[in-house]
Structures are given as structure tokens and as C-alpha cells.
Amino acid sequence: MQNHETGEFLLEKRFSIEGGDFIHAGEVSSAIKKILKDIGIRSEIVRRASIAAYEAEINVVCYARKGEVTFRVTQQCLQLLFKDEGQGIVDIELAMQEGYSTATEAIREMGFGAGMGLSNIKKNVDRLKIDSEVGIGTCVEMIINT
Amino acid sequence: MTLKDVAKLLNAEILVCEDGCDVEVKTAFAADLLSDVLAYAKEGTLLITGITNPQVIRTAEMLELIGILVVRGKTPDVETLKLAQTKSIPLMVTKYIMFESCGKLYQNGMVGCVEFVPNAKS
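Analysis parameters
- Residues numbered from 1 in each chain as written.
- Chains lettered and ligands numbered in written order.
- Predicted model: local features only at pLDDT ≥ 70, side-chain atom pairs only at ≥ 80, totals over all residues.
- Heavy atoms only, no water.
- Helix = DSSP H or I, 4+ residues; strand = E, 2+ residues; numbered from the N terminus.
- Buried < 20%, exposed > 50% of the residue type's maximum accessible area, 1.4 Å probe, protein only.
- Contact = heavy atoms within 4.5 Å.
- Buried area = accessible area lost by both parts, 1.4 Å probe.
- Salt bridge = Lys/Arg side-chain N within 4 Å of Asp/Glu carboxyl O.
- Core = buried A, V, L, I, M, F, W, Y, C linked by side-chain atoms within 4.5 Å.
- Pairing = 2+ DSSP bridges.
- Axes fitted to C-alpha atoms, helices over the stretch in contact; angles between N-to-C directions.

So, about the overall build of chain B. Helix and strand counts for chain B stand at five helices and six strands. The helix and strand sequence of chain B, counted from the amino end, reads α-β-β-α-β-α-β-α-β-α-β. Considering only C-alpha atoms, chain B reaches an extent of 40 × 30 × 25 Å along its principal axes. Across the 122 residues that make up chain B, the buried fraction comes to 50%. Sequence separation of at least 24 residues holds for 53% of the intrachain contacts in chain B that already meet a minimum separation of 6.

Below is the structure:
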């Protein structure tokens with residue numbers, strides 16, 4: 001498989017996430033982290049990718065019915081694509097601001113929903129692209145250079 | 001100090017991974033907000049928290065924290081215990097409140113993994 005922008009994929013994996021499932025939330029990020037460690041990616045990169053993936057996974061669990069994750073490793077970078085079917089984001093710029101949150105009480109009780117997720121993702125990745133349609137879903141694409 | 005010293009100082013019961021508690025720990029982060037832990041806690045840090053659901057273990061796993069100290073005598077969920085075991089993350093419970101736990105640890109030389117948030121708006 002070839003991608004002209006980022007070179008050949010060394011590895012491609014797909015996962016699904018169930019919305020509202022707080023017991024299993026984090027399993028996808030955990031699997032991604034294990035793969036990155038197993039293939040010998042530098043620990044600092046593994047940590048950044050794990051944090052970004054986990055924040056994105058928690059967002060899907062909190063705000064969507066379900067989500068699909070595509071994880072790719074190329075010669076130059078890691079690509080993480082989180083595509084969900086859910087409520088979507090009304091104002092992406094506002095959602096990026098630290099402290100802005102639309103979380104429910106149930107989400108806050110879990111220890112999340114402080115409005116830090118998207119800005120924390122931004123802090124940990126080299127490129128971030130968010131597309132969202134209200135009532136349809138959100139697509140979060142992250143790239144981390146290796 | 002080691003995680004065992006932490007447990008001794010705070011009269012904490014080590015629930016998971018007692019064998020892994022001889023490891024040295026120098027820094028801590030205390031919060032009941034996992035979002036903040038994810039944003040600010042550093043690798044190798046002890047997490048002091050009142051959160052007992054399984055996501056506290058996931059958070060520790062992603063950040064590569066050294067262990068978790070649950071305060072206020074809260075009992076972790078069964079799923080939390082199971083996950084901590086699977087991931088070999090030391091988990092202990094103290095009856096001390098968060099303030100007292102932090103104070104006793106600080107008095108004994110432990111410091112925050114960050115002192116303040118440099119880019120905070122206010």
C-alpha cells in the first residue's frame with residue numbers, strides 16, 4: 001500500500017470503539033501502545049501517541065455511539081484516525097480551548113470532561129486535523145513524526 | 001523514598017503489585033480530575049487521587065506512572081483491581097485525605113512532578 005504524502009505503510013491496524021463503554025475505554029489505546037513498544041518506537045514518541053490516542057478514545061466513548069480507529073505506521077510517522085458516529089462538535093475552535101466542555105455529569109464523575117482533551121491532543125501530536133458535522137460525527141486525524 | 005516507604009508513611013494498604021513497590025519514587029501529582037492528570041503528570045510519577053474507576057489505571061498506563069495512591073479510604077472497583085493486576089501497576093489505599101497525604105509526602109522529600117502550570121491563562 002502506498003501513500004504519496006507519507007510513504008509506504010509499514011503497518012496498518014483497525015479497531016472499533018463502543019460509545020458509552022467506560023469499562024473497556026482505553027483498550028484500543030492500550031493495544032496501540034503495545035504495538036508501538038513491540039516494534040521499537042522511541043519511548044517518548046510512544047508516550048505522546050498513547051496520550052493522544054487515549055484522549056481521542058475517551059472522546060469517542062463520551063460523545064459518540066461508536067467509532068472506528070485506523071492506526072498506521074510509516075517510515076516517517078504514526079497516523080491515528082478516529083472517526084465516530086455521534087453528536088459532533090458545534091464549534092471546533094471553541095472546543096480546542098482549554099476548559100471549554102460540553103460534558104455531562106456522568107462523564108465528569110468518571111474524572112473526565114474538564115475541557116482539556118483536544119488541547120492535550122494538540123500538545124502531543126505534530127499535526128492535528130478535526131472535521132465534524134453536528135448530529136453526524138467527528139473525524140480526528142493525528143500525525144506524530146517518528 | 002520507595003513506594004513501600006510511601007505505604008508505611010501513610011498507613012496505606014498495598015492492594016496490587018506489592019512486589020513492584022521497592023522502586024524509588026521522587027515526584028507526585030495529586031488530582032481527582034483525570035483530564036488534568038493526562039495533561040500534566042510526568043512519567044515515573046506517583047498519582048495521588050480519589051478516582052477509583054478503571055480509567056485511573058488506563059491513565060497510569062498511558063502516562064507510565066509509577067503507581068497509584070488512592071486517598072480518603074476509597075475502595076477501588078473490582079475492574080480497577082483486575083486491570084491494575086494485568087498492567088502490573090502498584091495500587092495502594094490510605095485513609096488520609098488528599099491534603100494530609102500530600103503534606104506528609106512533601107515533608108519527607110517528595111515534590112510535585114510539575115510545580116505550577118506555566119501556560120495557564122489566569
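The discussion continues.
This brings us to the interface of chain A and chain B. Across the contact, 25 residues belong to chain A and 24 residues belong to chain B. The junction of chain A with chain B conceals about 2,100 Å² of combined surface from both sides, 52% of it contributed by carbon and sulfur atoms. Linking chain A with chain B are one salt bridge, by the criterion used here. The closest approach of N and O atoms between Glu64 of chain B and Lys33 of chain A, which form a salt bridge, is 2.9 Å. Elements supplying a minimum of two residues to the side of chain A that touches chain B: α1 (27-38), α2 (43-63) and α5 (117-124) of chain A. With six residues, the top contributor of residues to the side of chain A that touches chain B is α2 of chain A.

Okay, the nonpolar core next. Judged by nonpolar contacts, the single largest core of 70 residues is most densely connected at Leu36, Phe71, Phe82 and Met142 of chain A together with Val37 and Ile68 of chain B. With twelve residues, the single largest contributor to this core is α2 of chain A. Ranked by size, the runner-up nonpolar core spans 18 residues in total, among them Ala28, Ile48, Leu105 and Met110 of chain B.

All names here are of chain B. Reading across from one edge, β1-β5-β4-β3-β2-β6 is the order of the six strands in this open sheet, with mixed pairing throughout. On the outer flanks of this sheet lie β1 (13-16) and β6 (111-112), each paired with one strand and no other. Where β1 and strand β5 (residues 91-93) come together, three bridges link them in antiparallel fashion. If you follow Val16 over to β5, its bridge partner there is Leu91. Docked against the sheet, helix α3 (residues 55-63) engages β3 (46-49), β4 (67-70) and β5, running at close to 145° with respect to β4.

The next thing to look at is the pattern of salt bridges. Residue and element names in this part refer to chain A. Tallied over the entire structure, the rule returns 14 salt bridges over all chains. Its salt-bridge partner being Asp38, residue Lys34 comes within 2.9 Å of it at the nearest N-O pair. Placement of the pair is Lys34 and Asp38 together in helix α1, with a separation of four residues, close to one helical turn. A relative accessible area of 52% places Lys34 in the exposed class.

All names here are of chain A. Strand order in the open sheet formed by five strands is β1-β2-β3-β5-β4, and the pairing between neighbours is antiparallel. The sheet is open, and its two borders are formed by β1 (9-18) and β4 (127-133), each paired with just one other strand. Neighbouring strand axes in the sheet, compared pairwise and without regard to direction, differ in orientation by 10° on average. Alignment of strand β3 (residues 77-86) against strand β5 (residues 137-145), held across seven bridges, turns out to be antiparallel. Bridge pairing links Leu80 to Met142 in β5. In this fold α2 packs onto β1, β2 (64-74), β3 and β5, with an angle of close to 5° to the strand it touches most, β3. Of the strands in this sheet, β4 and β5 are in contact with α5, which crosses β4 at around 150°.

All names here are of chain A. Along the chain, the position of Thr146 falls in the segment after β5. The exposure class assigned to Thr146 is partly exposed, which follows from its relative accessible area of 37%. When the C-alpha positions of Thr146 and Gln76 are compared, they lie 5.5 Å apart, and in sequence the two are 70 residues distant.

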